[in-house]
Amino acid sequence: MVVRHQSPPEHVCSAFGAHPAELEPLPGGTVWRCGDIVVKPVADKSRAVWSARALEQIDAPGLRIARPVRASDGRWIVAGWAANKYVPGTPEHRADETVLAAVKLHQATARLSRPSFLATRDDPEGIADRVAWGELEVPLEETRGGRWFEVLAGARRPVKLPDQVVHGDLLASVVYSGKAAPGIVDFVPYYRPAEWGAAVVAVDAIAWGGADIQLLHRWAHLPEWPQLLLRAILFRLAAHALNPRSTRAALDGLRAAAREVSELV
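Every value quoted in this text rests on a predicted model; they were computed, and no experiment measured them. (Residues numbered from 1 in each chain as written. Predicted model: local features only at pLDDT ≥ 70, side-chain atom pairs only at ≥ 80, totals over all residues. Heavy atoms only, no water.)

Q: Could you clarify how one ought to interpret the pattern of salt bridges in this entry?
A: Side-chain pairs of opposite charge can arise whenever the charged atoms involved come near each other. Enumeration over the complete set of coordinates arrives at 14 salt bridges. In this structure, Asp73 engages Arg75 in a salt bridge whose closest nitrogen and oxygen atoms are separated by 2.7 Å. Residue Asp73 is classed as partly exposed on the basis of its relative accessible area of 47%. Of the charged contacts in the structure, one is a salt bridge between Arg255 and Asp252, with a shortest N-O distance of 3.3 Å. Of this pair, Arg255 and Asp252 both sit in helix H9 (residues 248–262), three residues apart, which is roughly one turn of that helix. Among the charged side chains, a salt-bridge network with shared partners connects Glu92, Arg94 and Glu97. (Salt bridge = Lys/Arg side-chain N within 4 Å of Asp/Glu carboxyl O. Buried < 20%, exposed > 50% of the residue type's maximum accessible area, 1.4 Å probe, protein only. Helix = DSSP H or I, 4+ residues; strand = E, 2+ residues; numbered from the N terminus.)

Q: Is there a simple way to explain the sheet that holds strand E1 (residues 24–25) in this structure?
A: In any sheet, the strands associate via hydrogen bonds between backbone groups, in a parallel or an antiparallel arrangement. Pairing within the open sheet is antiparallel, and its five strands lie in the order E1-E2-E3-E6-E5. Two strands bound the open sheet, and with one partner strand each, they are E1 and strand E5 (68–69). Strand direction decides the pairing type here: strand E2 (residues 32–34) and strand E3 (residues 37–41), joined by three bridges, are antiparallel. Across the sheet, the residue bridging to Trp32 is Val39, located in E3. (Pairing = 2+ DSSP bridges.)

Q: I tried to follow the nonpolar core on my own but got confused; where do I start?
A: The tendency in soluble globular proteins is for nonpolar side chains to be buried side by side. Membership of the largest hydrophobic core comes to 63 residues, with the highest contact counts inside it found for Trp196 and Ile233. For Ile233, the contacting residues outside a window of four places in its chain are Leu152, Val203, Leu254, Ala257, Ala258 and Val261. Among the nonpolar cores identified, the runner-up in size contains 15 residues, and Phe16, Trp32, Val39 and Val69 belong to it. (Core = buried A, V, L, I, M, F, W, Y, C linked by side-chain atoms within 4.5 Å. Contact = heavy atoms within 4.5 Å.)

As far as function goes, none of this settles anything; it's purely spatial.
Put into C-alpha cells, the structure is as follows:
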C-alpha cells in the first residue's frame, strides 16, 4: 500500500519515463509532477486500469484529457502507482463551463461498456449512488444528511433516460488555464444517464463551488433536469451520511443545495 504523502520510488518514476530528481508535489501532496508526466498513487486498481483504458481511447473535442501513460513494460500500474500526461491548470469556480464540459465528456463516453467493478462497490459513494436511485436501502443518520434525504426522497419519479458511463465527480477533476479548454485530470465512473453527471456538477457547484441558484435554471433545458438534480443531491447527502470523515462545513453546503433543488421538484 502506498503511504500518503510519500513520493514515488525511483524505479516507479523510471518505469514511466520520469526523472526522480525533477519530482515536485502538486497541491494535496499525493500527486507528483515530473515534467510533462504526473505520477499518482492508486487506491483502487480495478478503477485505475479501467480509467486508463477509457481515457486512452475517448475522443472529446473541446476538452483537454490527461492521457494515461504506460510503463516501459506496458503496464498501467507499477508498485501501486499510475501515471498520466500533465495537463496545465488549476481548479476554478467556472461552474457553467464545467457543466458544459460534462455534456461534452459524456457524449464521448456514450459507447463505453459498463465497468464490471461498479456492481460490487462498497465504499460510501458507491453505496450512496444505489441508495439515491432507490436500488438499495440503508439507514442514514439524520444529523449527517439523512433528514434532508428523507424529506427529498419522496419526490423521486421514474427517469426514462438510457444509462451510460458518466463521470460522477467532475467538478473536482477539472482544471482551467486561461482561455484553454477545460482539462480533465481524473475519471470517476458511474453508470447513469449522461445528464446526471452534469446534475452532479451543478449540485456540487451550488454546495461547495460558490455558484448561485441561476446555474440550475440555465441548464434546465437538459432532459429530465429536475429529477436528475434530485438524484444528484440525494447521492451527495447519502454519501455524506455514510462517510465517517464528512465535515459539518460540507453538510452546510449540501443543505443549501438541497433547499434550492427542493424548489424545482
